[in-house]
Amino acid sequence: ICGFWDWFLYCSPWSEKLAPFKFNPRYPATRQILHDAVMTVSASVCGSGVEILICHLYAGGYGPSSAAIIDRPLATCLWAITITHWR
């Protein structure tokens, strides 16, 4: 998303049409765009690594699981409520 979004806002043919809607009229430096790209990629790699590890552990039977949602209603509700914070 970082690469496309930066290109769309600052380099695409639509950038001049979007200029009146910008909060900050100054364009970021190339260094800032590069920093954003590196942080986006590193976060994606870290997140993917965690997800691969968790999936591998669950597939190997090392994670807590239950056959049905109703077996652990409190834990299921807690996971459902907090998933956007830890996922």
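Here the residue numbers are simple positions, counted from 1 along each chain's written sequence. Local features in a predicted model are, by the rule used here, given only for residues with pLDDT of at least 70; side-chain atom pairs are given and counted only at 80 or more, and totals for whole chains, interfaces and linings are based on all residues. Each side-chain value is worked out from all heavy atoms of the structure, with water and hydrogens disregarded.

**Things to note about the overall build of the chain**
For the chain, the count of helices and strands is 4 helices and 0 strands. Strands here mean DSSP runs of E at least two residues long; helices mean DSSP runs of H or I at least four residues long; both are numbered from the N terminus. Going from the N terminus to the C terminus, the chain shows its helices and strands as α-α-α-α. Taking the principal axes of its C-alpha atoms as reference, the chain extends roughly 55 × 25 × 20 Å. Partly exposed residues are those whose accessible area sits between 20% and 50% of the maximum for their type, while under 20% is buried and over 50% is exposed, using a 1.4 Å probe and protein chains only. When each of the 87 residues of the chain is scored for burial, the buried share is 6%. Note on areas: Shrake-Rupley, 1.4 Å probe, and residue coverage restricted to the protein chains presented here. Put simply, the chain shows about 7,700 Å² of open surface, and 70% of that area lies on carbon and sulfur atoms. Only four residue types enter the charge count, namely Lys and Arg as positive and Asp and Glu as negative; His and the chain termini do not. Charge placement uses NZ in Lys and CZ in Arg. For Asp and Glu, CG and CD serve respectively. Once the 6 positive and 5 negative side-chain charges of the chain are each reduced to a mean point, those two points are 7 Å apart.

**Considerations on the confidence of the model for the chain**
Summarising the model, the chain shows a mean pLDDT of 85, and 94% of its residues fall at 70 or more. A score between 0 and 100, pLDDT records how confident the predictor is in each residue. When the elements of the chain are averaged for pLDDT, helix α1 (residues 2-10) gives the smallest value, 79, and helix α3 (residues 30-59) the largest, 90.

**Details of helix α4 (residues 73-86)**
Between the first and last residue of a helix there are one fewer steps than residues, each counted as 1.5 Å, and that sum is the expected span. Taking 1.5 Å as the rise per residue, α4 with 14 residues should run 20 Å; its terminal C-alpha atoms sit 19 Å apart, in good agreement. Values of bend correspond, residue by residue, to the angle between axes fitted over the seven residues ending at that residue and the seven starting there. Its axis deflected by about 35° at Ala 80, α4 carries its strongest bend there.

**A short note on α3**
Taking 1.5 Å per residue as the helical rise, α3 with its 30 residues ought to reach 44 Å, and the 43 Å between its terminal C-alpha atoms agrees with that figure. Note on α3: the residue one or two positions beyond its end, Gly 61, has a positive phi of about 85°.

**A short note on the environment of His 56**
Tracing the chain through its elements places His 56 in helix α3. Distance from His 56 to Leu 18, taken between C-alpha atoms, is 44 Å for residues 38 residues apart in sequence.

**Brief notes about a nonpolar patch on the surface**
Within this analysis, patches are made of residues with over 30% relative accessible area and no salt bridge. Like charges are joined at 9 Å or less; nonpolar side chains (Val, Leu, Ile, Met, Phe, Trp, Tyr) at 5 Å or less. A pairing counts as a salt bridge when a side-chain nitrogen of Lys or Arg comes within 4 Å of a carboxyl oxygen of Asp or Glu. A grouping of Val 50, Leu 53, Ile 54, Leu 57, Tyr 58, Tyr 62, Leu 78, Trp 79, Ile 83 and Trp 86 is seen on the molecular surface, where their side chains present a nonpolar patch of about 1,000 Å² in accessible area. Elements supplying a minimum of two residues to the nonpolar patch: α3 and α4. Top contributing element to the nonpolar patch by residue count: α3, with 5 residues. With respect to the element layout, Leu 53 can be found in helix α3. Judged by relative accessible area, Leu 53 falls into the partly exposed class, the value being 48%.

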